[in-house]
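Chain residues, written in single-letter form:
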Amino acid sequence: MRKTGLFFILLMSFLYASADHITGGETYYTLISSTNGQYRYRITVKLFMDCFSNRQFSNPGIIGIFHKGSGSRYTDISVPLANQETLTLTDAGPCITNPPPVCYRVGYYEFEATLPASPDGYIIATQVNYRVNGISNLISGYSNVGATYTGEIPGTAAHPDGPNNSSARFTGNDMVVVCADNSFSYSFAASDPNSDDLVYSFCEAYMGGSAGGGGNATPPNPPPYNAVPYGNGYNGSSPLGGNIHIDATTGMITGIAPSEGTYVVTVCVQEIRDNKVIAVQRKDLQIKIASCNIAAASIPPAYMLCDSTQTISLVNNSNSPLIHSYNWEIINPAGATIFSSVNATASYTFADTGIYQVKLVINRSGQCADSSTSVVRVYPGFIPAFTFTGICVNKPTQFHDGTTTVFGQVSGWRWDFGQPFDPANNNSSAQHPTYTYTNLGTKYVRLIVTNTKGCIDTLIKPVPIVDKPPITLAFRDTLICIPDAVQLKAEGGGIFSWSPNTNIINANTPTPTVNPTTTTHYVVTLDDHGCLNRDSVQVRVVDHVTLQVMDDTIICQADAIQLRLTSDGLRYAWTPEEQILNPYVAIPTATTPATTVYEVTAYIGSCSARGDVQVTTVPYPVSIAGPDIMICHDASVQLNGGTDGKTVEWRPAASLNNPNILNPIAHPRSTTNYILASYDTRGCPKAGLDSILVTVMPDIIASAGRDTAAIVGQPVQLKASGGVRYSWLPGEGLSATDIPNPIATLYNPSLSVRYKVLVFNEADCVDSAFLNIKVFKTRPSIFVPTAFSPNGDRNNDVFRFIAAGMQTIEYFNVYNRWGQMVYSSTNSGSGWDGNTGGRPQSAGLYVWTVKAMDYTGTVYTQRGTVTLVR
């Protein structure tokens, strides 16, 4: 049995661990009966989950009931999942572009509980360990913080008939499409069976229990519950940003939605009976805001030009592609239209103050036509402001309204002290209210203020509530010299007092003056309405200044040196100032061109001490690496350095025959910057440096051009390349011998006239190339062989033609017996190897044709045959 039970627990733990990612929840109950102070309630816990989640609701779930006053556990109840349903929005309407799917799975846990009446009442709680991922209004990385869903059963202290209660129950429709940056409304309305008055407000969402289980299958932790970690400028009172508001009477949320994302929103509804808050019920939802668009005339319900401007900017908050036309109108108090526009956006500057009306019509008389009107209050100069004093827990914090207005009078105040745990006292309509915080932390206090002209504005300030008032000291430790005095400095809100009350002036101020004769600890006490804090300052007392300056030293000329000393001084002055980067610090940096004595004076108040240090400068050793040079490819060169030092070192050493002599042989493979470092023994430990750049010229690629053929008396253009200077040998028949492109004219026939060209680069490095010219005693002609044998024996393997006296070759084509071209060329230097497209051609007779132009400009054509022998 024990093994079976263990297996069941492990199995259930696995199932429960998957029951996370709950998207919302609420708790409500109905009174069934009451007998002899015992009240029986039917309690329902309702949880929401995204339809597209692959998770399951816990079955059973565990619901805890706690004493509201003490937070102690009354009971835990294991409750089976009673029912599930799916809520789906099937038709978002024709005027919504790209509507997102809206679908929730809803799970219900229902049970009955009998509870005795108590003064404080009860809190019903269930917890899940994980919310959905990526919640936009929480600190990044803290989405899975879990959730706690609660309901409250009143006690007799709130109202004598408090336990005789059925809770308010939220009835608003959750099937709502919310489009980013568009107007929307979302109902958190509730009904109350007891006809209690209901007041709605945003409040903080609660975190869940400790990780280790999932869903609501583990007993919840007792209250109080911590708020989720809001971030990105959001908080419990403003979970969707400053453009979203909740109607305290109806529970309707309206405004302009923030950017796309998932936002946790919690609404609290106060049940008020006989002007007393008897209970607070909560609904917590993760609202998904999508990147859709609604074709609507979406403008704010009111424009408040109440700060510093009289210019209104008009823009439709809907940017739906279904909007095709705009009609804006501004109407003055007399009912006359003073401005109109058909643009998507518009602006207008009012000439006078007053109350005006704005009207927007979109798609007039068309599909998705819509209109909206809004009030414009033009009363600039309305500036909300408030200050506060007293920030200690369990002590009163006094708020002081500082709102100013140019037109009308400030007439209304609504304070939210940022304490949703205390709904009965969290709000005030007084101008200068007082509130006592019972827990620590930063509270976001909101003031909504109005004036008699109808202007309304909101100001939110963080108020840090601490266990003791903060004290800021200008210093905690200081030093004085007899008989000097020093002024102590403290900052904080409240009444200051210092002790001991000896050698001190103005001991009951934040800035007393003291002149002790011995080292003394002064303790400051800050009293903020009975909330106390203490801190201390040590005043050390001496009768002289101690000063020990560094020893005299030697440095290289023009180098920087850090001057050092040992002293208890508080202030320093070095000379000569012009050589010191900051002459008023203990350890400055100095740069001197010559031997210098530096003097320093150390001060403690009126006491001082003086010292000096001599810094002797020694010139750097001289290094002369020589002028930069260029050398030929793969050549060597001798470096010739000079120095007045004792030893030298050339770097890099790898391409040198001896790096420690002044004139090593360098054989660099590529251009190299050689550095000569010289050292001496005169006191400067650093090397004198100089460098020489040895540029290695690239290898010369000398070319005299291709061998060619000519006829007697024909001018032939030669073309050499590869250098910057050229020399041709022999010079016979050349128009010039020192240019890359001379003209050769030969008058004697020859099988080969050989020319040599010397090619020089920038470093006068030289290489050579050769050119052969055949000279024919004939008219300009093209000589073509009658047969060739491409058998790889290197004898007559290629069919080539020789062009003599030709200026250009237009084509030389070879055809097979079927008239198909198997080879074509315009260059006599190339030839046909008997292959076409990589395939050997068959032996036999082939026809060739040629067209060219001779050096006189005469067109030359010829045809013939050649035999391919295999």
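Residues numbered from 1 in each chain as written. Predicted model: local features only at pLDDT ≥ 70, side-chain atom pairs only at ≥ 80, totals over all residues. Heavy atoms only, no water.

### Re the state of the cysteines
A covalent bond bridging the sulfur atoms of two cysteines is what the word disulfide describes. For the coordinates displayed, the defined rule picks out nine disulfides. The disulfide partner of Cys 95 is Cys 368, and the S-S distance across this bridge is 2.0 Å. The sign of the -100° torsion about the S-S bond sets the Cys 95-Cys 368 disulfide as left-handed. Here the residue Cys 95 occupies a position in the loop between strand S5 (81-88) and strand S6 (96-97), and Cys 368 occupies one in the loop between strand S24 (354-362) and strand S25 (370-378), the gap between them amounting to 273 residues. (Disulfide = S-S within 2.5 Å. Helix = DSSP H or I, 4+ residues; strand = E, 2+ residues; numbered from the N terminus.)

### Some points on the confidence of the model for the protein
Caution applies to low-pLDDT parts of the model: their predicted coordinates are not meant to be read in detail. Summary statistics for the protein give a mean pLDDT of 90 and a share of 96% for residues scoring 70 or more. Low confidence marks residues 1-20, where pLDDT is under 50. Its contacts with residues over four positions away, or in another chain, come to 21 contacts. (pLDDT = per-residue confidence, 0-100. Contact = heavy atoms within 4.5 Å.)

### Observations regarding the nonpolar core
Tyr 186, Phe 188, Ile 253 and Val 267 are the most contacted members of the largest nonpolar core, which has 40 residues in total. Every element with two or more residues in this core is listed here: strand S7 (103-116), strand S11 (183-187), strand S13 (197-202), strand S14 (244-246), strand S16 (261-273) and strand S17 (276-289). The greatest single-element share of this core, amounting to four residues, is contributed by S16. With near-sequence residues (within four places) excluded, Ile 253 lies in contact with Phe 184, Ser 185, Tyr 186, Phe 188, Phe 202, Ile 244, His 245, Ile 246, Val 265 and Val 267. Grouped together as the second largest cluster of nonpolar side chains are 24 residues, Tyr 41, Met 49, Phe 111 and Tyr 122 included. (Core = buried A, V, L, I, M, F, W, Y, C linked by side-chain atoms within 4.5 Å. Buried < 20%, exposed > 50% of the residue type's maximum accessible area, 1.4 Å probe, protein only.)

### Observations concerning the sheet that holds strand S26 (residues 386-389)
The strand order across the open sheet formed by three strands is S26-S27-S30, and the pairing between neighbours is antiparallel. Edge strands, defined here as strands with exactly one partner in the open sheet, are S26 and strand S30 (434-436). Going across the sheet, the axis of each strand differs from the next one's by a mean of 25°, ignoring polarity. Here S26 pairs with strand S27 (residues 396-401) via four bridges, running antiparallel. Looking across to S27, one finds that Phe 386 is bridged to Asp 401. (Pairing = 2+ DSSP bridges. Axes fitted to C-alpha atoms, helices over the stretch in contact; angles between N-to-C directions.)

### Topic: the packing of aromatic side chains
Any pair of aromatic rings gets described here by the distance separating the centres and the angle formed by the planes. Under the criterion given, the structure shown has 28 aromatic pairs. Look at Tyr 74 and Tyr 122: their rings are 5.6 Å apart centre to centre, the planes differ by 65°, and that puts the pair in the edge-to-face class. With Tyr 74 in strand S4 (residues 73-79) and Tyr 122 in strand S8 (residues 122-128), the pair connects residues that are 48 residues apart, well separated along the chain. The exposure class assigned to Tyr 122 is buried, which follows from its relative accessible area of 3%. Ring centres of Tyr 435 and Tyr 437 lie 4.7 Å apart, and the angle between their planes is 70°; on these two criteria the pair is classed as edge-to-face. One exposure class covers both Tyr 435 and Tyr 437, and it is buried. A cation over a ring is seen here: Arg 817 above Trp 818, with NZ or CZ 5.5 Å from the ring centre. (Phe/Tyr/Trp six-rings, centres within 6.5 Å; stacked < 30°, edge-to-face > 60°. Lys NZ or Arg CZ within 6 Å of the ring centre and 35° of its normal.)

### Considering the pattern of salt bridges
Evaluated as defined, the whole model comprises 21 salt bridges. With a closest N to O distance of 3.0 Å, Asp 477 and Arg 540 form a salt bridge. With Asp 477 in strand S34 (residues 477-481) and Arg 540 in strand S41 (residues 531-542), this pair connects stretches of sequence that are 63 residues apart. What makes Arg 540 partly exposed here is its relative accessible area of 33%. In this structure, the salt-bridge partner of Glu 810 is Lys 851, at a minimum N-O distance of 3.5 Å. Of this pair, Glu 810 sits in strand S67 (residues 806-815) while Lys 851 sits in strand S71 (residues 844-854), and the two are 41 residues apart along the sequence. With relative accessibility at 25%, the residue Lys 851 sits in the partly exposed group. (Salt bridge = Lys/Arg side-chain N within 4 Å of Asp/Glu carboxyl O.)

### Here we look at the environment of Tyr 225
Along the chain, Tyr 225 falls in the loop between S13 and S14. Look at Tyr 225 and you get buried, because its relative accessible area is 7%. Expressed as a C-alpha distance, the spacing of Tyr 225 and Ala 744, which sit 519 residues apart in the sequence, is 105 Å. From its side chain, Tyr 225 meets the backbone oxygen of Asn 221 in a polar contact 2.7 Å long. (Polar contact = N/O pair within 3.5 Å; in protein donor to acceptor, adjacent residues only side chain to side chain.)

### Overview of the side chain of Gln 538
Topologically, Gln 538 is positioned in strand S41. Residues contacting Gln 538, with those up to four places away along its chain left out, are Arg 476, Asp 477, Thr 478, Thr 519, Thr 520 and His 521.

### A closer look at the sheet that holds strand S54 (residues 647-651)
Taken in spatial order, the four strands of this open sheet run S51-S57-S56-S54, and their pairing is mixed. Each edge of the sheet is formed by a strand with only one pairing partner; in this case those strands are strand S51 (629-631) and S54. Ignoring which end each strand starts from, the neighbouring axes of this sheet average 25° apart. Looking at chain direction, S51 and strand S57 (residues 688-696) are connected through three bridges and run parallel. Opposite Ile 631, over in S57, you have Val 696 as the bridge partner.

### Focus: the environment of Asn 427
Residue placement: Asn 427 occurs in strand S29 (residues 427-428). Not counting residues up to four positions away in its chain, the partners in contact with Asn 427 are Arg 414, Trp 415, Asp 416 and Phe 417. Only 3.3 Å separates the side chain of Asn 427 from the backbone oxygen of Trp 415, close enough to count as a polar contact.

### Here's the deal with the side chain of His 159
Looking at where His 159 falls in the secondary structure, it is placed in the loop between strand S9 (147-153) and strand S10 (169-170). Classification of His 159 as buried rests on a relative accessible area of 10%. If we ignore the near neighbours within four places in the chain, the residues touching His 159 are Arg 273, Asp 274 and Ile 278.

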